[in-house]
Every structure is written in structure tokens, then in C-alpha cells.
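Structural description and commentary
Now for the letters of each chain:
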Amino acid sequence: MEKKKLNKYDRAYLRIAKEWGQLSYCKRKKVGAIIVKDRMIISDGYNGTPSGFENSCEDPEGLTQWYVLHAEANAILKVASSTQSCEGATLYITLSPCRECSKLIHQSGIKRVVYQDAYKDTSGVDFLVKAGVEVEFIPASEAII
């Protein structure tokens, strides 16, 4: 697929991921993720507490609770409990993955990650590149076009 056309789809999927992130109950960061395979959305996720837990992501000091699931982890876990597979898929996410999530991404078979904002710790992205996952940064300003 030609780069310009791919970028058109990349930007559209990033917009969907951003919109999906708005469903998060987290106050500090609202992160959304979409997993796409063969131009079909096979999963989605946003950061939040596990099923059955109160929808409060932050503790009284405003820090994120340790058990909050990241958007990409939620999306990958949804695929794991379905008949779909992440093998060869693309993950669109509004914030670059952390170290822990980058391991899940690689192990799930996702081959490409497109993100909109950079997380303060880039070791997750570094790991993905080292693992052979294609990683692309498309800034929010470019995703709107």
C-alpha cells in the first residue's frame, strides 16, 4: 500500500483511538487503543480499572492506582478472549507504550505500532524496535488533517 494512502488510514485509526480514550474514567491521562488487522478493527481498549472494580483510576493523592490496566493491554486481552488473533496486526494508540505493555504487544504478534504522543519513558518503544516491530509516530497535529 502506498505511504500516503496508508497515512490516511493511520490518521483515521488514531482519531478513533483518541475518541475511544475519552471513555476512560482516568483523570490524569485518557489513553485509547485500536487493534486493526486487514483494515478491520478487531479490538479496542482504554485505560481503566479491571472488571468489577470501582471506576476510580487515581488514589486520593492523584496517583494512578497500581492495578489500572493500560489501553493496549485491555485491547490485547479482549482479543485473547475472542476468536481473533493479533498476529500481523497494527496497534494504534494515543500514547506510546510503556515497558510492560511493549512486552505484551510483541508477544501477541502485533507487527506495527502507530502512536500519537510520546510517553516520558521511551524504553517501551526501544524494546519494540529491537524486537522487530515497526513503530511509527504521527503527532496529534498531523492526525487531525
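Scope of this entry: the structure provided in the associated data block. (Residues numbered from 1 in each chain as written. Predicted model: local features only at pLDDT ≥ 70, side-chain atom pairs only at ≥ 80, totals over all residues. Heavy atoms only, no water.)

Right, let's talk about the state of the cysteines for a bit. Applying the stated criterion across every chain yields a total of one disulfide. Free of any disulfide, Cys 86 has its nearest cysteine sulfur in Cys 101, 13 Å distant. According to the relative accessible area criterion, Cys 86 is buried, its value standing at 4%. No disulfide involves Cys 98; its nearest neighbouring cysteine sulfur is the one of Cys 101, lying 3.8 Å away. (Disulfide = S-S within 2.5 Å. Buried < 20%, exposed > 50% of the residue type's maximum accessible area, 1.4 Å probe, protein only.)

The backbone phi angle of Asp 38 is positive, close to 50°, even though this residue is not glycine. Looking at the secondary structure, you find Asp 38 in the loop between strand E1 (32-37) and strand E2 (40-46). Backbone geometry at Arg 39 places phi at a positive 60°, although glycine is not the residue there. As for its position among the elements, Arg 39 is in the loop between E1 and E2. (Helix = DSSP H or I, 4+ residues; strand = E, 2+ residues; numbered from the N terminus.)

This part covers the packing of helix H3 (residues 99-108) against helix H4 (residues 123-130). Two numbers describe how H3 lies on H4: the axes approach to 7 Å, and their chain directions differ by 25°. Overall, the two elements H3 and H4 adopt an arrangement that is roughly parallel. In this structure, H3 meets H4 at a crossing whose hand is right-handed. Facing H3, whose interface residues are Arg 99, Ser 102, Lys 103, Ile 105 and His 106, H4 presents Ser 123, Gly 124, Phe 127 and Leu 128. Its residues placed into classes, the contact of H3 with H4 shows three nonpolar, four polar and two charged. (Axes fitted to C-alpha atoms, helices over the stretch in contact; angles between N-to-C directions. Parallel < 35°, antiparallel > 145°, perpendicular 65-115°, else oblique. Left-handed = near helix turned anticlockwise from the far one by under 90°. Contact = heavy atoms within 4.5 Å. Nonpolar A, V, L, I, M, F, W, Y, C, P; charged D, E, K, R; others polar.)

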